[in-house]
Amino acid sequence: MTKMRFSSKLYLYAVYAFLYIPIFVLIVFSFNQSKSRANWTGFTFDWYIKLFQNETIMTSLMNTIIVAVAASVFSTILGTMAAIGIYNMRKTSRTILMNLTYIPVISPEIIMGVSLMLLFRYLVDRSGFEFGFVSLILAHISFDVPYVIYNVLPKLRTMNPNLVEAAMDLGCDSKMAFFKVVVPEIMPGIFSGFLMAMTYSIDDFIVSYFTAGENIETLSITIDSMTRRKVSPEINALSAIIFVVIAIVLIGKNFLQNRKLRHDRALARAAVHH
Amino acid sequence: MKASKFLAVPYIAWVLIFTIIPLSLVVFFALTDSDGNFTLDNLFQMSDYMSVLFRSIVFAIIATVICLVIAFPAAYIISRVSSMNQSSLIILIMVPMWISFLLRTYAWMTLLEPNGLINKMFSLVGLGPFDLINNAGAVILGMVYNYLPFMILPLHSVMTKIEPHTVEAAQDLGCNKINLVRKVILPLSMPGISTGIVAVFVPSVSTFVISRMLGGGTNDLIGDFIESQFLGNSYNPHLGSAMALVLMVIVLFMMSLFNQFGSEEGAV
């Protein structure tokens with residue numbers, strides 16, 4: 001691991017500048033007094049206050065949270081069960097089901113969106129079904145479940161299969177063995193699957209756009225209609241908040257991991273010395 | 001645990017109802033008219049949209065190539081620093097990815113518009129204003145900006161496995177820089193390159209938001225047309241489904257070209 005050369009450093013700076021400058025400009029102009037996005041006329045917090053007073057945005061934020069929580073809880077349960085089932089299947093059926101699981105991950109979101117829209121339209125025409133929370137949550141579960149399965153399955157593979165037998169030998173029935181042995185073993189996978197489902201749900205625009213119907217808006221749908229009106233500095237304020245939250249979560253997580261790494265290394269070194 | 005394979009039954013039902021049936025509906029709508037009779041008219045009508053389809057593919061290919069050119073050196077440089085710095089640099093690539101792509105595209109809208117910041121900078125030195133937005137370049141820029149991390153991440157994850165010793169050995173044996181890249185780094189990065197190409201091409205070719213926000217209605221892509229058949233003014237789910245079907249074929253072709261099928265944990 002050599003030290004970075006100057007030209008390499010410069011190149012990386014350029015790439016990161018490309019990635020971050022647009023976002024920083026957006027954030028800087030969230031504090032601009034006028035609606036202009038190029039002329040700086042003075043500092044203000046007004047757009048943040050307006051953002052929190054904007055009922056459309058606050059309602060859609062609520063809707064986003066409701067849909068994301070409902071979809072990720074349900075997909076975690078469905079996906080965990082599916083992963084355990086898939087793990088215990090014979091090779092052929094396992095391969096088929098895993099390939100089907102792959103479809104929502106690889107197909108363009110617009111295809112998922114319109115195909116689910118066609119299904120829901122069909123149900124609307126034939127029954128009392130209506131576009132809204134239910135259609136949104138069903139659509140979100142559909143693209144969330146694969147990520148839960150992808151996170152749980154590796155944990156099952158690395159689990160020692162003798163553990164279950166040992167538990168049964170020690171008097172567990174199969175149900176108890178499942179909840180006392182299997183579930184705790186795969187818990188990290190379940191949890192990261194849940195978090196991933198949650199982030200994908202919160203972030204989603206395209207599938208929601210096609211499956212929400214006219215009466216309900218998620219945050220991304222609201223942002224979309226705001227960008228159509230071109231000038232709305234509340235978006236800048238909203239971007240700034242989202243950026244800060246994401247940066248804190250990701251960088252914080254990385255920091256904790258690095259600290260743990262350093263800690264583990266120190267422990268290992270200490271162990272060698274003794 | 002033999003009985004536990006039945007735990008997958010609810011999921012199998014789910015896949016059937018929410019993946020297989022909806023996709024079959026797309027095929028069904030593409031091959032029927034509004035009375036439900038079989039027809040190939042929708043697919044024939046696609047010939048009117050060939051220029052749009054062509055534009056979508058060309059834009060997506062250009063964006064993918066630019067991403068690859070930018071990402072390759074960047075991912076390699078990152079993969080050569082110490083592991084702790086590496087994880088920080090990778091997090092910094094991921095942070096913009098988690099911000100809604102609507103906001104990221106909107107950011108460029110504000111920069112590129114006629115009275116936007118970039119033109120203002122130009123006017124300070126007496127240049128412009130230039131037409132930076134509502135053209136092909138702006139749409140491609142939007143694609144590159146949004147999907148560049150999708151190229152850097154898979155490239156980095158294969159490059160970080162290239163041993164420094166391998167590079168040193170090649171240099172000791174007389175490899176110059178160009179040959180080092182061509183004969184060592186490039187072949188070893190191939191799996192990451194094909195993952196990255198698919199990861200950038202698929203969302204680029206199917207986008208409708210980037211083209212709408214940065215293309216200004218003059219550079220509509222296949223995604224814009226699909227959207228307008230389902231939610232826009234020209235409601236026609238049959239034609240829309242035919243377009244979606246064609247798009248799906250393009251995507252599947254691209255994936256088979258870059259061999260992206262089959263691996264169970266292929267995603268993530």
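For the structure itself, look to the data block above.
Thresholds applied
- Residues numbered from 1 in each chain as written.
- Chains lettered and ligands numbered in written order.
- Predicted model: local features only at pLDDT ≥ 70, side-chain atom pairs only at ≥ 80, totals over all residues.
- Heavy atoms only, no water.
- Helix = DSSP H or I, 4+ residues; strand = E, 2+ residues; numbered from the N terminus.
- Contact = heavy atoms within 4.5 Å.
- Lys, Arg positive; Asp, Glu negative; His and termini not counted.
- Charge placed at Lys NZ, Arg CZ, Asp CG, Glu CD.
- 1 Å grid on protein atoms, 1.4 Å probe; cavity = no way out; pocket = protein on both sides within 12 Å on 5 of 7 lines; lining within 4 Å.
- Points joined across faces, edges and corners; volume = space filled by probe spheres on them.
- Nonpolar A, V, L, I, M, F, W, Y, C, P; charged D, E, K, R; others polar.
- Expected span 1.5 Å × (residues − 1).
- Buried < 20%, exposed > 50% of the residue type's maximum accessible area, 1.4 Å probe, protein only.
- Buried area = accessible area lost by both parts, 1.4 Å probe.
- Salt bridge = Lys/Arg side-chain N within 4 Å of Asp/Glu carboxyl O.
- Polar contact = N/O pair within 3.5 Å; in protein donor to acceptor, adjacent residues only side chain to side chain.
- Axes fitted to C-alpha atoms, helices over the stretch in contact; angles between N-to-C directions.
- Parallel < 35°, antiparallel > 145°, perpendicular 65-115°, else oblique.
- Left-handed = near helix turned anticlockwise from the far one by under 90°.
- Phe/Tyr/Trp six-rings, centres within 6.5 Å; stacked < 30°, edge-to-face > 60°.
- Core = buried A, V, L, I, M, F, W, Y, C linked by side-chain atoms within 4.5 Å.
- Domains from an automatic or database assignment.

*Asks:* Tell me what's going on with the overall build of chain B, and back it up with residues and numbers.
*Replies:* What chain B contains, in helices and strands, is 12 helices and 0 strands. Start at the N end of chain B and walk to the C end: the helices and strands fall as α-α-α-α-α-α-α-α-α-α-α-α. When its C-alpha atoms are laid out on the principal axes, chain B stretches across 75 × 70 × 30 Å. Counting contacts in chain B only where the partners sit at least 6 residues apart, residues at least 24 apart contribute 71% of the total. Considering chain B, the positive charge centre built from 11 side chains and the negative charge centre built from 14 side chains are found 14 Å apart.

*Asks:* An account of empty space enclosed by the protein is requested, with residue identities and associated values reported.
*Replies:* Applying the stated criterion across every chain yields a total of 5 cavities of 30 Å³ or more. Surrounding the largest cavity, Ile103(A), Pro104(A), Ser107(A), Met112(A), Ser115(A), Leu116(A), Phe18(B), Thr19(B) and Leu23(B) form its lining. Listed by contribution, the elements that provide at least two residues to the lining of the largest cavity are helix H4 (91-106) and helix H5 (109-126) of chain A together with helix H1 (9-30) of chain B. Its residues placed into classes, the lining of the largest cavity shows 6 nonpolar, 3 polar and no charged.

*Asks:* Give a detailed account of helix H4 (residues 83-97) of chain B, specifying residues and quantitative values.
*Replies:* Between its first and last C-alpha atoms H4(B) spans 21 Å; for 15 residues at 1.5 Å apiece the expected length is 21 Å, and the two agree. Every buried residue of H4(B) is listed here: Met84(B), Gln86(B), Leu89(B), Ile90(B), Ile91(B), Ile93(B), Val95(B), Pro96(B) and Met97(B). Tucked into the core, H4(B) has its buried residues touching helix H1 (6-28) and helix H11 (234-273) of chain A together with helix H3 (50-79), helix H5 (101-112) and helix H7 (136-159) of chain B.

*Asks:* Describe the environment of Met248(B), and please don't skip the residues or the numbers.
*Replies:* As for its position among the elements, Met248(B) is in helix H12 (residues 237-257). We classify Met248(B) as buried; its relative accessible area is 15%. Excluding residues within four positions of it along the chain, Met248(B) makes contact with Ser107(A), Pro108(A) and Ile111(A).

*Asks:* I'd like a rundown of unusual backbone geometry, residues and numbers included.
*Replies:* All names here are of chain B. The phi dihedral of Asn134 falls on the positive side, at around 60 degrees, and the residue is not glycine. Within the secondary structure layout, Asn134 lies in the loop between helix H6 (117-124) and H7. For Asn134, a relative accessible area of 40% translates into the label partly exposed.

*Asks:* Outline the interface of chain B and chain A, supporting the account with residue identities and numerical values.
*Replies:* Accessible area lost upon the coming together of the parts is a frequently used measure of interface size. Chain B puts 94 residues into the contact, and the matching count from chain A is 93 residues. Between chain B and chain A, roughly 8500 Å² of surface is buried when both sides are summed, and carbon and sulfur atoms account for 75% of that area. For the pair chain B and chain A, the interface holds 1 salt bridge. Note that Arg212(B) is salt-bridged to Asp224(A), the shortest N-O span being 2.4 Å. If you look at where chain B meets chain A, you find 11 residue pairs in polar contact (both at pLDDT 80 or more). Of the residues forming the side of chain B that touches chain A, the biggest block, 15 residues, is contributed by H1(B).

*Asks:* Describe the packing of helix H11 (residues 222-230) of chain B against H12(B), naming the residues involved and giving the relevant values.
*Replies:* Helix-helix packing is characterised by the crossing angle of the two axes and by the distance between the axes. Residues and elements named next belong to chain B. H12 packs onto H11 with a crossing angle of 150 degrees between their chain directions and a minimal axis gap of 8 Å. Comparing the axis directions of H11 and H12 gives the class roughly antiparallel. Remark: the crossing between H11 and H12 carries left-handed chirality. Mapping the contact onto sequence places Ile222, Phe225, Ile226, Gln229 and Phe230 in H11 and Pro237, Leu239, Gly240, Ser241, Met243, Ala244 and Leu247 in H12. Of the residues belonging to the contact of H11 with H12, the class tally is 9 nonpolar, 3 polar and no charged.

*Asks:* Please give an account of the pattern of salt bridges that cites residues and values.
*Replies:* Applying the stated criterion to the full structure yields 3 salt bridges over all chains. Notably, a salt bridge pairs Asp264(A) with Lys260(A), separated by 3.3 Å at the nearest N-O pair. Pair noted here: Asp264(A) and Lys260(A) are both in helix H11, with a separation of 4 residues, about one helical turn. Classification of Lys260(A) by relative accessible area gives exposed; the value is 54%. One connected set of salt bridges, linked through shared partners, spans Asp224(A), Arg228(A) and Arg212(B).

*Asks:* Describe in detail the packing of helix H6 (residues 133-158) of chain A against helix H8 (residues 174-203) of chain A, supporting the description with residues and values.
*Replies:* All names here are of chain A. Where H6 meets H8, the axes come as close as 8 Å, and the angle between the chain directions of the two elements is 150 degrees. Considering their axes alone, H6 and H8 lie roughly antiparallel with respect to each other. H6 and H8 meet at a crossing whose hand is right-handed. Packed against H6, whose contacting residues are His140, Phe143, Asp144, Tyr147, Val148, Asn151, Val152, Lys155 and Leu156, the element H8 presents Val182, Ile186, Pro188, Gly189, Ile190, Ser192, Gly193, Met196, Ala197, Tyr200 and Ser201 at the interface. The class makeup of the residues in the contact of H6 with H8 is 12 nonpolar, 6 polar and 2 charged.

*Asks:* Residue-level account of the packing of aromatic side chains, with values.
*Replies:* Per the counting criterion, the structure on display carries 30 aromatic pairs over all chains. Seen from their ring centres, Tyr200(A) and Trp98(B) are 6.1 Å apart, and the 80 degrees between their planes marks the pair as edge-to-face. Taken together, the residues span two chains, with Tyr200(A) in helix H8 and Trp98(B) in the loop between H4 and H5. According to the relative accessible area criterion, Tyr200(A) is partly exposed, its value standing at 29%. Look at Trp98(B) and you get partly exposed, because its relative accessible area is 23%. Taken together, the ring pairs connect Phe74(A), Phe120(A), Phe129(A), Phe131(A), Trp14(B) and Phe18(B) into an aromatic cluster.

*Asks:* Outline the nonpolar core, listing residues and values.
*Replies:* Core analysis: the biggest nonpolar cluster contains 170 residues, and Phe120(A), Phe205(A), Phe210(A), Met159(B) and Ile226(B) have the highest contact counts within it. In terms of domain composition, this core takes at least three residues from each of domain 1 (1-44) and domain 2 (54-236) of chain A. Not counting residues within four places of it along the chain, the set of residues in contact with Phe120(A) comprises Phe129(A), Phe131(A), Ser135(A), Leu138(A), Ala139(A), Thr211(A) and Phe18(B).

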